[in-house]
Amino acid sequence: MKKLFFFLMPLFFVSQALAQTITWKADPMHSKLTFTVVHLGINDVFGLFQKFEASAKSSQPDFSDAVFELSADVSSINTEVKMRDDDLRSARFFEVAKYPLMTYKSTSIAKTAKDKYKLTGNLTIHGITKPVIMDLWFRGTIDDAISKTRKTGFQLTGILKRSDFNIGPIFPYTEISNEVRIKADGEFIKQ
């Protein structure tokens, strides 16, 4: 029995080392958090959040057990029209003086195809937290020869309803669509 114990002990430590959780952080120079709404039913209007942080933690190389977290500075919203951006920061929309952050934390991940997942998590915007399901595409992992770092890439897409978060309730859906398309592209660096 003692021999078996000493034989199995190294295997235990090796398996623990292989299952170690690795943290990855989004590289702000190579990551974007964007959104699109339809204006007057005839045109897409794009915007982005210029300041955000995102991380992923996983012990699996295919990220099948990953947990993602995001925090965005809502005042960094940019649609390339200052008047519209100021309005979006106001109490008519995001009310950034009262609710400066948008946060997301995944609660589960389910594989749907090779390198494709459904990511479920809790999104908090405008002081309201709701569960959301997004599509996640794992784009691979590489060693970057220039920066001498290990990197991995993801694309997150999905549709939210602004009514779920009480964003711009005075604006009818014929003026600004209720559905908001989200697209986040992230290049993450191993920590």
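Residues numbered from 1 in each chain as written. Predicted model: local features only at pLDDT ≥ 70, side-chain atom pairs only at ≥ 80, totals over all residues. Heavy atoms only, no water.

## Overview of the overall build of the protein
Here's step 1: Per the secondary structure count, the protein includes two helices and eleven strands.
Here's step 2: Reading the protein from its N end, one meets helices and strands in the order α-β-β-β-β-β-β-α-β-β-β-β-β.
Here's step 3: Computed over C-alpha atoms, the radius of gyration of the protein comes to 20 Å, more than 25% over the 16 Å expected from 2.2 N^0.38 for 191 residues, which places it beyond the range of a compact globule.
Here's step 4: The principal-axis extents of the C-alpha atoms in the protein amount to approximately 75 × 35 × 35 Å.
Here's step 5: In the protein, which comprises 191 residues, the proportion classed as buried is 35%.
Here's step 6: Taken as a whole, the protein presents about 11800 Å² of accessible surface, with 61% of it coming from carbon and sulfur. (Helix = DSSP H or I, 4+ residues; strand = E, 2+ residues; numbered from the N terminus. Rg over C-alpha atoms; globule rule 2.2 N^0.38 Å. Buried < 20%, exposed > 50% of the residue type's maximum accessible area, 1.4 Å probe, protein only. Areas by Shrake-Rupley, 256 points an atom, 1.4 Å probe, with all protein chains shown as cover.)

## Some words on the layout of surface pockets
Here's step 1: Taken as a whole, the largest pocket encloses approximately 900 Å³ of empty space.
Here's step 2: The wall of the largest pocket is formed by 48 residues, among which Thr34, Phe35, Phe49, Val180 and Ile182 lie closest to the centre.
Here's step 3: The class makeup of the residues in the lining of the largest pocket is 33 nonpolar, six polar and nine charged.
Here's step 4: The space that makes up the second largest pocket amounts to roughly 190 Å³.
Here's step 5: Taken together, Lys25, Ala26, Pro28, Phe52, Glu53, Ala54, Ser55, Glu69, Leu70, Ser71, Thr103 and Tyr104 form the lining of the second largest pocket. (1 Å grid on protein atoms, 1.4 Å probe; cavity = no way out; pocket = protein on both sides within 12 Å on 5 of 7 lines; lining within 4 Å. Points joined across faces, edges and corners; volume = space filled by probe spheres on them. Nonpolar A, V, L, I, M, F, W, Y, C, P; charged D, E, K, R; others polar.)

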